[in-house]
Amino acid sequence: MSLISRNIFRALVQGSQHVGKGVHTSAVNHDNKNVCFAPQSISSLQAKEGRIKCTLIPGDGVGPELVYSVQEVFKAAGIPVDFESFFFSEVNPTLSAPLEDVVNSIAKNKICIKGILATPDFSHTGELQTLNMKLRNALDLYANVVHVKSLPNVKCRHHDVDCIIIREQTEGEYSALEHESVPGVVECLKIITAAKSERIAKFAFDYAVKMGRKKVTAVHKANIMKLGDGLFLRSCEEMAKLYPRIQFEKMIVDNCTMQMVSNPNQFDVMVTPNLYGNIVDNLASGLVGGAGVVAGASYSAECAVFEQGARHIFSGAVGKNIANPTAMLLCSANLLAHVNLHSYSKMIKNAINKVLSDGKVRTKDLGGQSTTKDFTYAVIHSLA
């Protein structure tokens, strides 16, 4: 009963904020802690109703089960967000919504929560670009941000890990430019441009400033790829000169992975080209408990897509009710903070931390026997 009354009170307070202050219009103007890089602009109808519309993509594998957990928590907490759902999949193309419809929805709503999309090893259409790549390019989701942080009562080899990995994700090895020049010889082009290297470097330093971070590490392989990675590294070095209060260091990617495993606490903010960022994201996620506990987000200048930090669909767990919804719930909390619904965001994060700290409800990946629904309901009961 107390939870219901608190939700009613919170909804009334939130509604008064909508009318009095006109929030949800710009995450940049109202909260210094949200770097965003993705200005919010909701419709007048949404503003009148005091609700936010969000595109929802369940994804493949256990994605629909994790998204259901988010919807249940939002419903229980009375969060003023309405979802516009699209089934979007490369492995089920006949059932998938058209790319244009999904892009238009995200461009209109400015925010999206997304499950992981499976990428088949072979293209059925002969296209080299995956559906993920098409979505990122269509929306110019150039910056992927993964916050890797130790969670309470999650036993890992390292403690107090807290680093941010920023990955450029629209070029590099993911340019989808490859061909077989002669039988048995394949050329795969890695594209690095000054414009996009400078843009991601500026994003990383701006993010470090806004989040109160002290150091940015550029991860590269310029000793071997002297022109491509050399251009990326020079862009970071030049950008560092404009932020004298932020310490700057550079590190070769193979050394970086070793340092991450042996001493991850030395890292603060890391900025990487596309492929290296993907590898470091997954490595770092393993340090704090795995793919089920790390949230991420992708930003363009206009919108933000929130998804898990480690991109695994966990196909072996489909329908078994054993996947850990922590990462997806953290994504939803970050989404709420992004649109200035900070009280709801803190409420969800506090509930997750309470469940983890209590240790009574733990999914299999964290050494327990609880189900996805068990964890979800435990979070709902901990909402306060």
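An unreviewed UniProt entry lists the chain under the name Isocitrate dehydrogenase [NAD] subunit, mitochondrial, with Iphiclides podalirius as the source organism. Taken verbatim from the UniProt record of the chain, the Subcellular location (unreviewed entry) comment is "Mitochondrion".

Asker: Give me the overall build of the chain: which residues, what numbers.
Answerer: Within the chain one finds 13 helices and twelve strands. As presented, the chain carries roughly 17,200 Å² of accessible surface, and 57% of it is formed by carbon and sulfur atoms.

Asker: Provide a residue-level description of the sheet that holds strand β2 (residues 81-85), including the pertinent values.
Answerer: Overall, mixed pairing links the ten strands, which are arranged β2-β1-β3-β12-β11-β4-β5-β10-β8-β9 in an open sheet. Two strands in the sheet have a free side with no partner beyond their single neighbour: β2 and β9 (247-252). Put simply, the sheet's adjacent strands are angled 25° from each other on average, direction ignored. Across five bridges, strand β11 (residues 295-299) lies against strand β12 (residues 304-308) in antiparallel orientation. Bridging from a neighbouring strand, glycine 296 pairs with glutamate 307 of β12. Each of β4 (143-149), β5 (162-168), β8 (215-220), β9, β10 (269-272) and β11 is contacted by helix α7 (residues 194-210), which is oriented at about 160° to β5, the strand it contacts most. Contacting β4, β5, β8 and β10, helix α10 (residues 274-287) crosses the sheet at an angle of about 155° to β5.

Asker: For the packing of aromatic side chains, give the residues involved together with the corresponding values.
Answerer: This structure, assessed with the given rule, holds seven aromatic pairs. Taking the centre distance of 5.9 Å and the plane angle of 20° together, the rings of phenylalanine 203 and tyrosine 207 count as stacked. Of the two residues, phenylalanine 203 and tyrosine 207 both sit in helix α7, four residues apart, roughly one turn of that helix. Both residues of the pair, phenylalanine 203 and tyrosine 207, count as buried. Judged by centre distance (6.3 Å) and plane angle (85°), the rings of tyrosine 299 and phenylalanine 306 are edge-to-face. Of the two residues, tyrosine 299 and phenylalanine 306, neither departs from the other in class, the shared state being buried. Among the aromatic residues, ring-to-ring pairing joins Tyr142, Phe203, Tyr207, Tyr299 and Phe306 into one connected group.

Asker: Can you lay out empty space enclosed by the protein for me, pointing to particular residues and giving the numbers?
Answerer: Counted under the stated rule, the structure contains two cavities of 30 Å³ or more. Here the largest cavity is characterised by a volume of approximately 70 Å³. Along its surface, the largest cavity is lined by Lys114, Asn132, Leu135, Arg136, Leu141, Gln169, Ser298, Val305, Glu307 and Arg311. Breaking the lining of the largest cavity down by element, the ones donating at least two residues are α6 (131-139) and β12. Per-element accounting of the lining of the largest cavity gives the leading share, three residues, to α6. When its residues are assigned to classes, the lining of the largest cavity shows three nonpolar, three polar and four charged. Taken as a whole, the second largest cavity encloses approximately 30 Å³ of empty space. Lining the second largest cavity are Met133, Arg136, Asn137, Gln169, Thr170, Glu171, Tyr174 and Asn274. Sorting elements by how many residues they give to the lining of the second largest cavity places α6 first, with three residues.

Asker: Give me the nonpolar core: which residues, what numbers.
Answerer: One finds Val148, Ile166, Met260 and Leu336 to be the most contacted residues of the largest nonpolar core, which totals 91 residues. For leucine 336, the contacting residues outside a window of four places in its chain are Phe74, Ile79, Val81, Leu341, His342, Tyr344, Ser345 and Ile348. Formed by 15 residues, the second largest nonpolar core is a distinct cluster that contains Phe88, Ala97, Cys112 and Leu141.

Asker: So what about the side chain of arginine 362? Which residues, and what values?
Answerer: Summarising the element assignment, arginine 362 is placed in the loop between α12 (342-358) and α13 (372-381). The charged side chain of arginine 362 is buried without a salt bridge, its nearest counter-charge being aspartate 365 at 8.5 Å. Only 3.0 Å separates the side chain of arginine 362 from the backbone oxygen of asparagine 153, close enough to count as a polar contact. A polar contact is formed between the side chain of arginine 362 and the backbone oxygen of leucine 366, at a distance of 3.2 Å. Not counting residues up to four positions away in its chain, the partners in contact with arginine 362 are Asn153, Val154, Leu356, Gly368, Gln369 and Ser370.

Asker: Outline the packing of helix α4 (residues 63-77) against helix α11 (residues 326-338), listing residues and values.
Answerer: Taken N-terminus to C-terminus, the directions of α4 and α11 make an angle of 50°; their axes are 9 Å apart at the nearest point. Our classification of the angle between α4 and α11 gives oblique. The element α4 and its partner α11 pack so that their crossing is right-handed. Of the residues in α11, those touching α4 at Leu66, Val67, Ser69, Val70, Val73 and Phe74 are Met328, Leu329, Ser332 and Leu336. In terms of residue class, the contact of α4 with α11 is built from eight nonpolar, two polar and no charged.

Asker: Just give me the short version of the packing of helix α9 (residues 253-262) against α10, but keep the residues and values in it.
Answerer: Here α9 crosses α10 at 10°, and the two axes come no closer than 10 Å. Regarding the angle of α9 to α10, the classification is roughly parallel. Between α9, through Val253, Cys256, Thr257, Met260 and Val261, and α10, the contact on the second element is made entirely by Tyr276, Val280, Leu283, Ala284 and Leu287.

Asker: Before we move on, could you go through the pattern of salt bridges and cite the residues and values that matter?
Answerer: All chains considered together, the criterion is met by 18 salt bridges. For glutamate 84, the salt bridge is made with lysine 108, and the minimal N-O distance between the two is 3.7 Å. Here glutamate 84, found in strand β2, pairs with lysine 108, found in helix α5 (residues 99-109); they are 24 residues apart in sequence, far enough to count as distant. Judged by relative accessible area, which is 48%, lysine 108 ranks as partly exposed. Measuring nitrogen to oxygen at the nearest pair gives 2.8 Å for the salt bridge that ties glutamate 127 to lysine 134. Judged by relative accessible area, glutamate 127 falls into the partly exposed class, the value being 40%. When salt bridges that share partners are traced, they join Lys114, Glu307 and Arg311 into one network.

The rules behind these values
Residues numbered from 1 in each chain as written. Predicted model: local features only at pLDDT ≥ 70, side-chain atom pairs only at ≥ 80, totals over all residues. Heavy atoms only, no water. UniProt positions renumbered as here; feature names shortened; annotations may be inferred. Helix = DSSP H or I, 4+ residues; strand = E, 2+ residues; numbered from the N terminus. Areas by Shrake-Rupley, 256 points an atom, 1.4 Å probe, with all protein chains shown as cover. Pairing = 2+ DSSP bridges. Axes fitted to C-alpha atoms, helices over the stretch in contact; angles between N-to-C directions. Contact = heavy atoms within 4.5 Å. Phe/Tyr/Trp six-rings, centres within 6.5 Å; stacked < 30°, edge-to-face > 60°. Buried < 20%, exposed > 50% of the residue type's maximum accessible area, 1.4 Å probe, protein only. 1 Å grid on protein atoms, 1.4 Å probe; cavity = no way out; pocket = protein on both sides within 12 Å on 5 of 7 lines; lining within 4 Å. Points joined across faces, edges and corners; volume = space filled by probe spheres on them. Nonpolar A, V, L, I, M, F, W, Y, C, P; charged D, E, K, R; others polar. Core = buried A, V, L, I, M, F, W, Y, C linked by side-chain atoms within 4.5 Å. Lys, Arg positive; Asp, Glu negative; His and termini not counted. Salt bridge = Lys/Arg side-chain N within 4 Å of Asp/Glu carboxyl O. Polar contact = N/O pair within 3.5 Å; in protein donor to acceptor, adjacent residues only side chain to side chain. Parallel < 35°, antiparallel > 145°, perpendicular 65-115°, else oblique. Left-handed = near helix turned anticlockwise from the far one by under 90°.

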